[in-house]
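# An overview of the molecular structure
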Amino acid sequence: MPYYRVVGEIPRKRHVQFRRPDGGLYAEELMGEEGFSSDSSLLYHRHLPTAIIKAEAVEPTTAAALTPNLPLSPRHFRTQDLPAGGDLVTGRGLLAGNADVRMSYAASETPSELYRNSMGDECVYIASGQVRFESTYGAIEAGEGDYVVIPTGTIHRWVPRGRVTAFAIEAAGHIRPPKRYLSKYGQFLEHAPYCERDLRTPQEPLTVEGEEVPVLVRTRGGLTRLVYRNHPFDVVGWDGCLYPYAFNINDFEPIVKRTHAPPPVHQTFEGPNFVICSFCPRPLDFHPDAVPIPYNHHNVDSDELMFYAGGDYTARKGSGIDVGSISLHPAGFTHGPQPGAVEAVIEAVRQGHTQTSELAVMVDTFRPLDLGPAGLSVEDPAYAWTWAR
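Residues numbered from 1 in each chain as written. Predicted model: local features only at pLDDT ≥ 70, side-chain atom pairs only at ≥ 80, totals over all residues. Heavy atoms only, no water.

### Examining the side chain of serine 112
Its place among the elements puts serine 112 in the loop between strand 7 (101-108) and strand 8 (115-117). Look at serine 112 and you get buried, because its relative accessible area is 6%. A distance of 2.8 Å separates the side chain of serine 112 from the backbone nitrogen of tryptophan 158, its partner in a polar contact. Not counting residues within four places of it along the chain, the set of residues in contact with serine 112 comprises Asp87, Val89, Arg157 and Trp158. (Helix = DSSP H or I, 4+ residues; strand = E, 2+ residues; numbered from the N terminus. Buried < 20%, exposed > 50% of the residue type's maximum accessible area, 1.4 Å probe, protein only. Polar contact = N/O pair within 3.5 Å; in protein donor to acceptor, adjacent residues only side chain to side chain. Contact = heavy atoms within 4.5 Å.)

### Regarding the sheet that holds strand 18 (residues 235-240)
Across the sheet, four strands lie side by side as 1-18-3-2; this open sheet has antiparallel pairing. Each edge of the sheet is formed by a strand with only one pairing partner; in this case those strands are strand 1 (5-8) and strand 2 (27-32). Strand after strand, the sheet turns through a mean of 15° between neighbouring axes, direction not considered. In this structure, strand 3 (residues 40-45) lies alongside strand 18, joined through five bridges in antiparallel fashion. From the neighbouring strand, serine 41 faces strand 18, where its bridge partner is glycine 240. (Pairing = 2+ DSSP bridges. Axes fitted to C-alpha atoms, helices over the stretch in contact; angles between N-to-C directions.)

### So, the nonpolar core
If you look at the biggest cluster of nonpolar residues, it comprises 42 residues, and the most contacted ones within it are Tyr125, Tyr147, Phe167, Ile169, Phe269, Ile276 and Phe307. Per-element accounting of this core gives the leading share, four residues, to strand 7. When residues of this core are assigned to domains, at least three map to each of domain 1 (51-64 + 83-236 + 243-248) and domain 2 (250-388). Apart from the residues lying within four places of it in its own chain, the contact partners of isoleucine 276 are Cys123, Tyr147, Ile169, His266, Gln267, Thr268, Phe269, Val361, Met362 and Val363. Within the second largest apolar cluster, 20 residues are counted, among which are Val124, Ala142, Val148 and Leu216. (Core = buried A, V, L, I, M, F, W, Y, C linked by side-chain atoms within 4.5 Å. Domains from an automatic or database assignment.)

### Re the packing of aromatic side chains
For the coordinates displayed, the defined rule picks out 20 aromatic pairs. Ring geometry for tyrosine 147 versus phenylalanine 247: centroids 6.4 Å apart, planes at 5°, classification stacked. Here phenylalanine 247 lies in strand 19 (residues 245-248) and tyrosine 147 lies in strand 12 (residues 146-150), a separation of 100 residues in the sequence. Phenylalanine 247 matches tyrosine 147 in its accessibility class, with the two residues each being buried. Put simply, the rings of Tyr105, Tyr125, Tyr147, Phe167, Tyr181, Phe188, Tyr194, Phe247, Phe252, Phe269 and Phe307 pair up and form one aromatic cluster. (Phe/Tyr/Trp six-rings, centres within 6.5 Å; stacked < 30°, edge-to-face > 60°.)

### Looking at the sheet that holds strand 25 (residues 370-371)
Taken in spatial order, the eight strands make up an open sheet running 15-19-12-9-14-7-6-25, and their pairing is antiparallel. Each edge of the sheet is formed by a strand with only one pairing partner; in this case those strands are strand 15 (199-200) and strand 25. Pairing between strand 12 and strand 19: four bridges, direction antiparallel. From the neighbouring strand, tyrosine 147 faces strand 19, where its bridge partner is phenylalanine 247.

### Description of the UniProt feature "active site" (unreviewed entry) in the protein
The UniProt entry lists His260 under the feature "active site" (unreviewed entry), expressed in the numbering used here. On the secondary structure map, histidine 260 appears in the loop between strand 19 and strand 20 (267-271). Accessibility expressed as a relative area gives 17% for histidine 260, which makes it buried. Excluding residues within four positions of it along the chain, histidine 260 makes contact with Arg282, Asp285, Val291, Pro292, Ile293, Pro294 and Tyr295. Of the polar contacts made by the side chain of histidine 260, one reaches the side chain of aspartate 285; its length is 3.3 Å. (UniProt positions renumbered as here; feature names shortened; annotations may be inferred.)

### Overview of the domain arrangement of the protein
A common way to state how big an interface is: give the accessible area lost once the parts meet. Taken domain by domain, the protein comprises domain 1 (51-64 + 83-236 + 243-248) and domain 2 (250-388). Each side of the interface is counted separately: domain 1 has 37 residues, and domain 2 has 35 residues. Buried surface at the junction of domain 1 and domain 2, summed over both partners, amounts to about 2,900 Å²; 63% is from carbon and sulfur atoms. At the boundary of domain 1 with domain 2, the tally comes to two salt bridges. With a shortest N-O distance of 2.7 Å, arginine 367 and aspartate 100 are connected by a salt bridge. Counting every contact that joins domain 1 to domain 2 gives 18 residue pairs in polar contact (both at pLDDT 80 or more). Those elements that provide at least two residues to the side of domain 1 that touches domain 2 are strand 6 (93-97), strand 7, strand 9 (122-128), strand 12, strand 14 (164-171) and strand 19. (Buried area = accessible area lost by both parts, 1.4 Å probe. Salt bridge = Lys/Arg side-chain N within 4 Å of Asp/Glu carboxyl O.)

### What to know about the pairing of strand 7
The element strand 7 is extensively covered by neighbouring structure, given that seven of its eight residues are classed as buried. Judged from the four bridges that link them, strand 6 and strand 7 form a sheet pairing that is antiparallel. Residue pairing across strands places leucine 94 opposite serine 104, the latter belonging to strand 7. Hairpin connection from strand 6 to strand 7: three residues lie between these consecutive antiparallel strands. Pairing geometry for strand 7 and strand 14, over eight bridges, is antiparallel. Among the inter-strand pairings, valine 101 is bridged to a residue of strand 14, identified as alanine 171.

### A short note on the state of the cysteines
Inspection of the entire model under this criterion finds zero disulfides. For the unlinked cysteine cysteine 123, the closest cysteine sulfur is that of cysteine 277, found at 12 Å. No disulfide involves cysteine 195; its nearest neighbouring cysteine sulfur is the one of cysteine 280, lying 15 Å away. (Disulfide = S-S within 2.5 Å.)

Take a look at the structure:
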């Protein structure tokens, strides 16, 4: 993270004695990236974070399998038709993925068990509903439009307040703000579309009593359920630059120009071989002869997956795309507005229309995306041919 935080009680210096009221020592846990060479935080536990009393392998499910996008085709998945069930971790239906990133969808009102993803960071977009995110760092209240970014190795759980739908992005590495938005020291620069004030972080420690507490752990080797002697939510304080945070898509300030701007102006985060973009309501392009709609484009080096989160998608009218849809436009395919959309938006501008209302989350990957079983189960088979109608 780009700035330092302190939550709860910590000693004046790192790695010195810090004693509990009963005279015993609090146990330090350093959460750090890239082998002590990048961002980290130091957490102080009441109990040993290393004390496990049981470990058991968890069998993988066939629902995690991916298949190549063959024959090569643009795809449309209707998440609205996916069944609700499970929780916001185990109930994720896999839409698409590759070795760098996996995208899933979940709809649930059930609290999740404690979970630790030790393969990479997660960015979970809350499409609807309200949920409490609880972790060793503390809690964050999240709701519709929030991205919740979770560092690798964070023990956490999701506690919905009613039904919640979420679009989950699981990386094989770390998810960060784009480097071009940051100074060489990590502060957001003035041209960035969001800044530190827009990020919401845990404000106080979260402590929970408990013994023999199971935690589902995902590693490169598979799934394991570890049973901890004491509840991992026993941190009395922490400090550092690595922690979970929430950022609401409505706090993204769109960058506009007189003619249509390409997707990099919408970039919000970056991960290993992929980027995450936010398409938010913004003024239409205002050059007198502008074509205020995306031009046909062929991303020769990337696949483009778009989650349509809200608003009106003028450029996609007639395609079947609606709120909750996922489109996948692979490299090797030229895509753009539906037939008639360019003329329609030019006429709308002539009649006084000045702003878009679309809201969408896009993931561009620099390696091909394979298809997940959840996506294929709700695919619109007619989508690929809608440009030829």
